[in-house]
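Residue-level structure breakdown
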Amino acid sequence: MEFTARKIAEALHGTVDGNPEVIISKLAKIEEGEPGTMTFLANPHYTPFIYTTKASIVVVNQDFIAAQPITATLIRVENAYEAFVTLLEIFNAMQAAKKGISELAFIHASAVTGKDVYIGEFVYIGENVVVGDRAKIYPHVYLGDHVTVGEETILFPGVKVYHQCVIGKECTLHAGVVIGADGFGFAPQQEEEYRKVIQAGNVVIEDHVEIGANTTIDRATLGSTLIHSGVKLDNLIQIAHNVEIGENTVIAAQTGVAGSTKIGKNCMIAGQVGIVGHLTLADHVKIGAQSGIEKNIPDDGAMFLGSPAIDVGIARKNIIHLRHLDELVKRVNHLEKLLKKEQPE
């Protein structure tokens, strides 16, 4: 794919400063730019690179003033960072513009596929599956019986969606995601044995959800594990059965959420957080990395840190104290020695 500076400026509603017919075919960092690439300058910290970059086009803010000669063609826009994000979206959409159904895919006769879908090699689509318009199902994806995949949703290679699960519109599931595996339910029996509790529910993922590689979301024992609209999950996250995650909540990698916990809307949960089961977290809650949540967080907008997690203000003070713990121990030992010397024999 090749584009001229003129065409790019039109797409970004910008103006060209230099050669409007210069051609680029890919994007690059400003410090790594090569001929035929395009980059951007938004952070003043990177300004020196605009004078040395070999990139053919640089997107800059409208008010940028060069202090030295620049070899690249400039495209001036109101906000260079936002413009470059737009370009990334355009490039990504063009690269992902796949259509057609591979002859090497298996699609059950009862399944329904929408218009302009892409279904790659070695995809398995089971009975009564519904795949919406313009959805993209990459190679080696498994869709169990009675699964629904919404319009313009993308399932990257190796995604597995178990029976009866529902995925909404414009979702993205990255490689290795597993939706609807059994929840961890086992009833203790005599002689230290366990009896498996059948997981008869499903997983419902609403619209505009993105799920990172190798994340797993377990099906409910009864009812549904619910991931509401706009949720963003990082790689390597475990969501247990009957969990509910509210709209636009974001969760970073290696976090685990135990069964039947309900997380509110617009929460931010950092990496390696552990949340025990049957809790309720309010809306707009923020949880710091490696925290352990063992009780409800009822206050909207609360911030917690530590394991067990406590209010972030107290946690930060405790961290400061811990940094001086060795010094405090020495002082206490010194004081004890002085007291022993002052005590009469």
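Residues numbered from 1 in each chain as written. Predicted model: local features only at pLDDT ≥ 70, side-chain atom pairs only at ≥ 80, totals over all residues. Heavy atoms only, no water.

1. Some words on the overall build of the protein chain
- For the protein chain, the helix and strand inventory stands at four helices and 40 strands.
- Relative to its length of 345 residues, the protein chain is extended, with a C-alpha radius of gyration of 27 Å against a globular reference of 20 Å.
- Over its C-alpha atoms, taken along the principal directions, the protein chain stretches across nearly 95 × 65 × 30 Å.
- Relative to its full complement of 345 residues, the protein chain shows a buried share of 39%.
- With the model as given, the accessible surface of the protein chain reaches about 19,200 Å², and the carbon-plus-sulfur share is 54%.
- The average position of the 29 basic charges and that of the 41 acidic charges among the side chains of the protein chain differ by 4 Å. (Helix = DSSP H or I, 4+ residues; strand = E, 2+ residues; numbered from the N terminus. Rg over C-alpha atoms; globule rule 2.2 N^0.38 Å. Buried < 20%, exposed > 50% of the residue type's maximum accessible area, 1.4 Å probe, protein only. Areas by Shrake-Rupley, 256 points an atom, 1.4 Å probe, with all protein chains shown as cover. Lys, Arg positive; Asp, Glu negative; His and termini not counted. Charge placed at Lys NZ, Arg CZ, Asp CG, Glu CD.)

2. Re the environment of Ala135
- With respect to the helices and strands, the residue Ala135 is situated in the loop between β13 (130-131) and β14 (136-137).
- For Ala135, a relative accessible area of 0% gives the class buried.
- With residues near it in sequence (within four places) discarded, Ala135 still touches Asp116, Val117, Tyr118, Val149, Gly150, Glu152 and Thr153. (Contact = heavy atoms within 4.5 Å.)

3. Comments concerning the pairing of strand β6 (residues 57-61)
- Most of β6 is tucked away: four of the five residues are buried.
- As paired elements, strand β5 (residues 37-40) and β6 share three bridges and run parallel to each other. Note on β6: the bridge partner recorded for Met38 is Ile57. (Pairing = 2+ DSSP bridges.)

4. A closer look at a nonpolar patch on the surface
- Together, Met1, Ile90 and Met94 make up a nonpolar patch on the protein surface, roughly 240 Å² of accessible area in all.
- Within the secondary structure layout, Met94 lies in helix α2 (residues 80-95).
- Judged by its relative accessible area of 35%, Met94 falls in the partly exposed class. (Patch = residues over 30% accessible without salt bridge, like charges linked within 9 Å, V, L, I, M, F, W, Y side chains within 5 Å. Salt bridge = Lys/Arg side-chain N within 4 Å of Asp/Glu carboxyl O.)

5. With respect to the pattern of salt bridges
- Per the stated rule, a full pass over the model turns up seven salt bridges.
- Between Glu151 and Arg134 there is a salt bridge, with the nearest N and O atoms lying 3.7 Å from each other. On the criterion of sequence distance, the pair formed by Glu151 in the loop between β16 (148-149) and β17 (154-155) and Arg134 in the loop between β13 and β14 is long-range, its members being 17 residues apart.
- The exposure class assigned to Glu151 is partly exposed, which follows from its relative accessible area of 31%.
- Taking the relative accessible area as the measure of exposure, Arg134 reaches 32% and is therefore partly exposed.
- Several salt bridges share partner residues, and in doing so they unite Arg134, Glu151 and Glu152 into one network.

6. As for the nonpolar core
- Counting residues in each nonpolar core, the largest one holds 53 residues, and the members touching the most others are Leu143, Ile179 and Ile205.
- If we skip the residues at most four places from it in the chain, Leu143 touches Tyr124, Ile125, Gly126, Val129, Val131, Val149, Leu155 and Val161.
- By size, the runner-up hydrophobic cluster in this structure holds 16 residues, among which are Ala5, Met38, Val77 and Ala80. (Core = buried A, V, L, I, M, F, W, Y, C linked by side-chain atoms within 4.5 Å.)

7. With respect to the pairing of β5
- Direction of pairing for strand β4 (residues 26-27) relative to β5: parallel, over a ladder of two bridges. Note that in β5 the partner of Lys26 across the bridge is Thr37.

8. Here we look at the side chain of His228
- Looking at the element boundaries, His228 is found in the loop between β27 (224-227) and β28 (232-233).
- At 2.7 Å, the side chain of His228 and the side chain of Glu244 are in polar contact. (Polar contact = N/O pair within 3.5 Å; in protein donor to acceptor, adjacent residues only side chain to side chain.)

9. With respect to the environment of Gly246
- Tracing the backbone shows Gly246 in the loop between β30 (244-245) and β31 (250-251).
- Relative accessible area serves as the criterion here: at 6%, Gly246 is assigned to the buried category.
- In this structure, the C-alpha to C-alpha distance between Gly246 and Thr86, residues 160 residues apart in sequence, is 27 Å.

10. With respect to helix α1 (residues 5-12)
- Within α1, the full set of buried residues consists of Ala5, Ile8, Ala9 and Leu12. Around the axis of α1, the buried residues are gathered within 100° of arc, so they sit on the same side.
- Just beyond α1, the residue with positive phi is His13, at close to 60°. (Arc of directions from axis to C-beta.)

11. Overview of the sheet that holds strand β32 (residues 256-257)
- In spatial order, the strands read β9-β12-β15-β18-β21-β26-β29-β32-β35-β38; together these 10 strands make up an open sheet with parallel pairing. Edge strands, defined here as strands with exactly one partner in the open sheet, are β9 (106-107) and β38 (292-293).
- Note that β9 and strand β12 (residues 124-125) share two bridges and pair parallel. If you follow Ile107 over to β12, its bridge partner there is Ile125.

12. Description of the packing of aromatic side chains
- The full count for this structure, using the stated rule, is nine aromatic pairs.
- Ring plane angle 50° and centroid distance 5.4 Å describe the contact between Phe3 and Phe91, whose orientation is recorded as tilted. Taken together, the residues span a long stretch of sequence, with Phe3 in strand β1 (residues 3-4) and Phe91 in helix α2 at a distance of 88 residues.
- Through pairs of rings, three or more aromatic residues link up here, namely Phe40, Tyr81 and Phe84. (Phe/Tyr/Trp six-rings, centres within 6.5 Å; stacked < 30°, edge-to-face > 60°.)

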